[in-house]
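# Coordinate inspection notes
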Amino acid sequence: MALSKKAAGEIARKNKIDPALVEQAAAEEIAGRARRDDVLRVPFRIGVTLNRSMAHASLFFREIRDNGIFFAGKCPACGHVLFPPVRPVCRRCIKKGELVEYEPLEIGREVEGTVAAVSKLVRGTSKDLGKGVRYPCLIRADGADNAHWQFVVPVEGREIEVGARVKSVLADQADRTGEIGDFSFVLA
Ligand SMILES: [Zn+2]
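Counting starts from 1 at the beginning of each chain's written sequence and moves along it residue by residue. Only residues with pLDDT of at least 70 are given local features in this predicted model, and only at 80 or more are side-chain atom pairs given and counted; all residues enter the totals for whole chains, interfaces and linings.

The subject of this paragraph is the sheet that holds strand S8 (residues 148-153). Pairing is mixed in the closed barrel, where five strands are placed in the order S4-S7-S8-S10-S9. Put simply, the sheet's adjacent strands are angled 55 degrees from each other on average, direction ignored. Relative to strand S9 (residues 165-170), strand S4 (residues 112-118) runs antiparallel, the two sharing three bridges. Within S9, the residue paired with Glu112 across the bridge is Lys167. Any two strands are treated as partners once DSSP identifies two or more bridges connecting them. Strands here mean DSSP runs of E at least two residues long; helices mean DSSP runs of H or I at least four residues long; both are numbered from the N terminus. Note on definitions: angles span 0 to 180 degrees between N-to-C directions of axes, and those axes are lines fitted to C-alpha atoms, for helices only across the stretch in contact.

Laid out in structure tokens, this is it:
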């Protein structure tokens, strides 16, 4: 005797699955016919909701989502500016062994910057290859001491190239979720 009907019922109850489905999936086990080295499959249900923490970048994402306003992080000790503020403590000061937290620096409703590197992301099967082309680019926002990866939306007839000027575009308020997809860049 392998898996019992009672245990199958328990798996069904715990995972909110139809007991008949569990028994069917485990029929060989229940009948005791499975060889001891057969692959063992135990049904379970994936149906959970997880929350991803934006941690110290919470203010950045919340302000974009709710108010459409961009913030950078500025080190009060050395003036280093990080956009987006994806780290809690100053990158420059930490090299000297000092932990200084970035302070929020309001940029406004639009961020401008320069393309520092271009890449091309092609998605899809051979049938629709080329239809899902996107351009993740390394963008240096004006006034920032770092560059960050973000999508640049292509414009018909214009190349996205290193040195090109770009400006931010917000997703519609109703579509903003508090994540990095809430904005992208276009050629300025
Ligand atoms: Zn600093």
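What follows deals with the sheet that holds strand S1 (residues 70-74). Strands pair in a sheet through their backbones, by hydrogen bonds, and they do so in one of two ways: parallel or antiparallel. Here we have three strands laid out as an open sheet, ordered S2-S1-S3, and antiparallel in their pairing. Two strands close off the open sheet at either side, each with one partner strand: strand S2 (81-82) and strand S3 (103-108). Pairing of S1 with S2 involves two bridges; the strand directions are antiparallel. Paired with Gly73 across the two strands is Leu82, which belongs to S2.

All right, on to the pairing of S1 then. Burial is judged by counting the other C-beta atoms within 10 Å of a residue's own C-beta: 20 or more makes it buried, 12 or fewer makes it exposed, and any count in between marks it as partly exposed, with every C-beta position built from the backbone. Buried residues dominate S1, accounting for five of its five residues. Residues Phe70, Ala72 and Lys74 of S1 are buried on one face, and the alternating residues Phe71 and Gly73, pointing to the opposite face, are buried as well. With five bridges connecting them, S1 and S3 associate as antiparallel partners. Paired with Lys74 across the bridge in S3 is Glu103. What sits between S1 and S2 in their antiparallel hairpin is a turn of six residues, with Gly79 showing a positive phi close to 85 degrees.

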